[in-house]
Amino acid sequence: MIEMQDVWKTYADGTHALSGVSVLIERNEFVYLVGPSGAGKSTFMKLIYREEVPTKGQISVNGFNIGKLKPRKIPYVRRNIGVIFQDFRLLPKMTAYENVAFAMEVIEAPRRIIKKRTMEVLDLVGLKDRFNSLPAQLSGGEQQRIAIARAIVNSPAVIVADEPTGNLDPETSWGIMNLLEEINFRGTTIVMATHNREIVNTLRKRVIAIESGTIARDEARGEYGYEA
Amino acid sequence: MKLRTILRHLREGVRNVLRNGWMSFASISSIVISLFILGGFLLLALNVNNLADQIESQVEIRVFLQLDTDQTKIDQLRNEIGNIKEVKQVKFVSKDEGLELLRKNLGESGEDLLQGYEKDKNPLPDSFTVEVYEPQTIAFAAKKIELINKADQTNPITSVKYGKGKVETLFKLTNAVRNIGLVIVAGLAITAMFLISTTIKITILARRREIGIMKLVGATNHFIRWPFFIEGALIGIIGSVITTAILLYGYSRLIYVSQFELGLLMIKLVTLKEIGFFVSVLIIGLGTLIGIWGSTLSVRKYLKV
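Residues numbered from 1 in each chain as written. Chains lettered and ligands numbered in written order. Predicted model: local features only at pLDDT ≥ 70, side-chain atom pairs only at ≥ 80, totals over all residues. Heavy atoms only, no water.

1. Looking at the overall build of chain A
Here is step 1 of the chain: In terms of helices and strands, chain A carries 7 helices and 10 strands.
Here is step 2 of the chain: In terms of overall dimensions, chain A has C-alpha extents of about 45 × 40 × 30 Å along its principal axes.
Here is step 3 of the chain: In chain A, buried positions account for 52% of the 228 residues.
Here is step 4 of the chain: Expressed as a percentage of contacts within chain A between residues at least 6 apart in sequence, the contacts between residues at least 24 apart total 68%.
Here is step 5 of the chain: By element, 47% of the accessible surface of chain A is carried by carbon and sulfur atoms, the whole surface being about 10200 Å². (Helix = DSSP H or I, 4+ residues; strand = E, 2+ residues; numbered from the N terminus. Buried < 20%, exposed > 50% of the residue type's maximum accessible area, 1.4 Å probe, protein only. Contact = heavy atoms within 4.5 Å. Areas by Shrake-Rupley, 256 points an atom, 1.4 Å probe, with all protein chains shown as cover.)

2. A word on unusual backbone geometry
Residue and element names in this part refer to chain A.
Here is step 1 of the chain: Although it is not a glycine, N62 adopts a positive phi angle of roughly 55 degrees.
Here is step 2 of the chain: With respect to the secondary-structure elements, N62 resides in the loop between β4 (56-61) and β5 (64-65).
Here is step 3 of the chain: The backbone of R89 sits at a positive phi, close to 50 degrees, despite the residue not being glycine.
Here is step 4 of the chain: Looking at the secondary structure, you find R89 in the loop between β6 (81-85) and α3 (96-106).

3. Some words on the packing of α3 of chain A against helix α5 (residues 140-152) of chain A
Between two packed helices, what matters for the description is the angle formed by their axes and the separation of those axes.
Residues and elements named next belong to chain A.
Here is step 1 of the chain: Running from N to C, α3 and α5 point in directions that differ by 25 degrees, and their axes come no closer than 8 Å. Considered as vectors, α3 and α5 are oriented roughly parallel to each other. The way α3 lies across α5 gives a crossing that is right-handed. Side by side, α3 and α5 meet where A96, N99, V100 and A103 of the first sit next to I146, A149 and R150 of the second. (Axes fitted to C-alpha atoms, helices over the stretch in contact; angles between N-to-C directions. Parallel < 35°, antiparallel > 145°, perpendicular 65-115°, else oblique. Left-handed = near helix turned anticlockwise from the far one by under 90°.)

4. With respect to the interface of chain A and chain B
Here is step 1 of the chain: The partner chain B presents 21 residues to the 24 residues of chain A that form the contact.
Here is step 2 of the chain: Contact between chain A and chain B buries roughly 2200 Å² in total, counting both sides, with carbon and sulfur atoms accounting for 58%.
Here is step 3 of the chain: It is K93, F102 and E108 of chain A that lose the most area in chain A upon contact with chain B, and together they represent 27% of the buried surface on that side.
Here is step 4 of the chain: At the junction of chain A with chain B, the criterion picks out 4 salt bridges.
Here is step 5 of the chain: Notably, a salt bridge pairs E98 of chain A with R19 of chain B, separated by 3.1 Å at the nearest N-O pair.
Here is step 6 of the chain: Listing elements by their share of the side of chain A that touches chain B, those giving two or more residues are α2 (74-78) and α3 of chain A.
Here is step 7 of the chain: Residue contributions to the side of chain A that touches chain B peak at 5 residues, all from α3 of chain A.
Here is step 8 of the chain: For the side of chain A that touches chain B, the residue count by class is 13 nonpolar, no polar and 11 charged. (Buried area = accessible area lost by both parts, 1.4 Å probe. Salt bridge = Lys/Arg side-chain N within 4 Å of Asp/Glu carboxyl O. Nonpolar A, V, L, I, M, F, W, Y, C, P; charged D, E, K, R; others polar.)

5. Looking at the sheet that holds strand β2 (residues 87-93) of chain B
Residue and element names in this part refer to chain B.
Here is step 1 of the chain: Taken in spatial order, the 4 strands make up an open sheet running β2-β3-β1-β4, and their pairing is antiparallel. Of all strands in the sheet, those with a lone pairing partner are β2 and β4 (157-161), marking the two edges. Pairs of neighbouring strands in the sheet enclose a mean axial angle of 20 degrees, with direction left out of account.
Here is step 2 of the chain: In the sheet, strand β1 (residues 61-65) pairs with β4 via 4 bridges, with the strands oriented antiparallel. (Pairing = 2+ DSSP bridges.)

6. Some points on the pairing of strand β8 (residues 189-193) of chain A
All names here are of chain A.
Here is step 1 of the chain: Of all 5 residues that make up β8, 5 are buried, and the element is covered over most of its length.
Here is step 2 of the chain: Burial of the side chains of β8 extends over both faces: T189, V191 and A193 are buried on one face and I190 and M192 on the other.
Here is step 3 of the chain: The pairing of strand β3 (residues 30-34) with β8 spans 4 bridges and is parallel. By the bridge assignment for β8, F30 is matched with I190.
Here is step 4 of the chain: Bridging between strand β7 (residues 158-162) and β8 involves 5 bridges; their strand directions are parallel. If you follow A161 over to β8, its bridge partner there is M192.
Here is step 5 of the chain: On the question of chirality, the crossover connecting β7 to the parallel β8 by way of helix α6 (residues 170-185) is right-handed. (Right-handed = clockwise from strand over helix to strand, strands pointing away.)

7. A closer look at the side chain of S240 of chain B
Residue and element names in this part refer to chain B.
Here is step 1 of the chain: Residue placement: S240 occurs in helix α9 (residues 221-264).
Here is step 2 of the chain: A distance of 3.2 Å separates a polar side-chain atom of S240 from the backbone oxygen of I237.
Here is step 3 of the chain: Beyond its immediate sequence surroundings of up to four residues, S240 is in contact with I31, L35, I283, I284, G287 and T288. (Polar contact = N/O pair within 3.5 Å; in protein donor to acceptor, adjacent residues only side chain to side chain.)

8. Some thoughts on α5 of chain A
Because an α-helix packs 3.6 residues into every turn, residues spaced three or four apart end up facing the same way.
Here is step 1 of the chain: The first and last C-alpha atoms of α5 of chain A sit 18 Å apart over 13 residues, in line with the 18 Å expected at 1.5 Å per residue.
Here is step 2 of the chain: Within α5 of chain A, 10 of the 13 residues are buried, which leaves it mostly tucked inside the rest of the structure.
Here is step 3 of the chain: Of the positions making up α5 of chain A, those classed as buried are G141, Q143, Q144, I146, A147, I148, A149, R150, A151 and I152 of chain A.
Here is step 4 of the chain: Against β6, α3, α4 (111-124), β7 and α6 of chain A together with α8 (208-216) of chain B lie the buried residues of α5 of chain A. (Expected span 1.5 Å × (residues − 1).)

9. Regarding the sheet that holds β5 of chain A
For sheets, the rule is that strands pair by backbone hydrogen bonds, running either parallel or antiparallel.
All names here are of chain A.
Here is step 1 of the chain: Spatially, 4 strands are ordered β2-β1-β4-β5 in an open sheet, and the strand pairing comes out antiparallel. Bordering the open sheet on either side are β2 (16-25) and β5, each of which pairs with just one other strand.
Here is step 2 of the chain: In terms of strand pairing, β4 meets β5 through 2 bridges, oriented antiparallel. Bridge pairing in β5 links S60 to N65.
Here is step 3 of the chain: Set on the sheet, helix α1 (residues 41-48) makes contact with β1 (2-10), β2 and β4; between it and β2 the angle comes to about 60 degrees.

10. A closer look at the confidence of the model for chain B
Predicted coordinates in areas of low pLDDT are best not read in detail.
Here is step 1 of the chain: Residues of chain B with pLDDT of at least 70 account for 99%, and the chain-wide mean is 85.
Here is step 2 of the chain: The ipTM for the predicted assembly is 0.88, set against a pTM of 0.75. (pLDDT = per-residue confidence, 0-100.)

11. Observations concerning the packing of helix α2 (residues 21-57) of chain B against helix α10 (residues 272-303) of chain B
Residue and element names in this part refer to chain B.
Here is step 1 of the chain: Between α2 and α10, whose axes approach to 11 Å, the crossing angle comes to 150 degrees. The orientation of α2 relative to α10 falls into the category roughly antiparallel. Between α2 and α10 the crossing geometry is right-handed. Every residue of α10 that contacts α2 at L35, L38, G39, L42, L43 and L46 is listed here: I275, F278, V279, L282, I283, L286 and G287.
Here is step 2 of the chain: Per-class residue counts for the contact of α2 with α10 are 11 nonpolar, 2 polar and no charged.

Printed below as a string of C-alpha cells:
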C-alpha cells in the first residue's frame, strides 16, 4: 500500500528531515508513528499525501509514484488518502454536513448520493444530530469526529492521521481511537503519528519509531518506548 | 465539468457571500463608495463635455459680400459654400436682416445709433452665416471659402470672419476641460480598482487556510476557484447595481431641482435618457470586472501553496 525506498528529504533551509528511510506498509495495517518532536514524523506523513516531495528516493502510495506525480494529478491522489490533523482543519464557515459533503462534491458525486453517504458517515462517527452545527459550535472531540467523517467519506485506501488525539482529553481520545480502529477493521490502512504513550501501549499495533530522520525501531506489536 | 458541479459552484458562490457576511459587506461597501465617487465625477465630466459642445456649436462663419452682388452670384456662392464637405448649413442674411440683427445686438442704444440707416441707406452688405458640422474644422472651412473667393475673378466676398484667435482659444479651453475630466475619471477608475481589489484580497487572505484545506481534501484548483469567481462577480454586481441606483436617482433629482436655476444661466444638464444606459453599463460592467479581477487574482496567489 505504502512503500518508501531510501527516501531522503532535505528542506530548502538545509534541515535534513529524513535520511534514507525504507519501509513497507501493507494494505489494512494500522501503524503508529512515534518519536521525539522534530524527528521527521510529520515529514514522513506529508510525503505520503504529497504535501512534500522527496529529495531522493521513491515513494509509492496505492500504486502512484508520489515523487514523479504531476501537480495536476495531486488532487486525484489525495482523494484516495484521508488526512486527519491535530487541529481538525475544518472549513469554519461550513456546517458539519457541508464539511463532510465537500469531500464528495470534489469528486463530483450526485447530490442524492452525497446526502445519503454523508449522513451515513455522520451516523458512524456518532454526530448525525449535529449535522447542522458549525465547527465553532462543536467540542474538540466532535470536531475531530467530523474531520474523520470527512476523511473516510470517499472510502479512501489510506488514512493519515497526524496526532489526531493531540488536542483532546483522554476520554475523548479513546472515543476517537475506537472510531479509527473500526475504520481500520473495515479495511482502511491507517498511519497515525502520536505522542500518546497510553494509547500505543494499550491498543497494540505495529510501531515505527523515527529518530533524527531514520527508522530507529519497527516492531509488529510494539510499545511506545519513550518517557512520557 | 458536470452540470451538477456548475450548479454546485453557483450555489456555493452565493452561499459564500452570505457566509462571509461582514467581509462581503465590507467589499460591497468599498465598491459602492469608490464607484459612487467615480460615477459622480463621470456625470460631472459628461455635463462639462456637453456644455463644451454647446459652446463650441455656437461658433459660425460670417461671410460678407460686395455691396453690388447680384442674386445669381449669391445663389452661386451659396451653392459653392454649401458644397464644402465640412459645411453643415449656409444661411443667407440679407442686408435688411443684418441691420435688424445689429439693432437687436446693440440693445437700447441701437435705436439711436442706427437712426436714419433704414431702407436704401442701409450701409450693411449681404452676408452668409455658415455652420460647420465639426466646430474644430471652422478655420479650415473659412480658408476654403476664401479660396472660392480667389478663384472668382470678381472677388465677390469682402471678408470671411469666424472670430479668429478667439475661437482657437475657446477650443483650447474646452479641450483642456474635456481632457482634465477624462484624466480625473480614469484616475478615479484606477483608484477604485485598487481600493476594491485590496478589500477583496483581505477577505480572501482570511480564507487562505480554507483554500489549503480544500486542497488537502483533493479539490482541483478549478474546483476551488469557481465559487470564488462567482462570489467576486456577485459582490461586484450587487455593489455596482446599488451604486447605479443611487447615482441615477440622485441625478434625476438634481435635474429636477436645478432645472429652473440652471435654465436661467442657459445651462441644460444632460438628460437621464441620454446617459442613463451608458453610465449604468459602465458602472455595473466595471464593478463586476473589478469583483472578478480582485477575487481571481488573490485566489490564484494562494492556490500555489
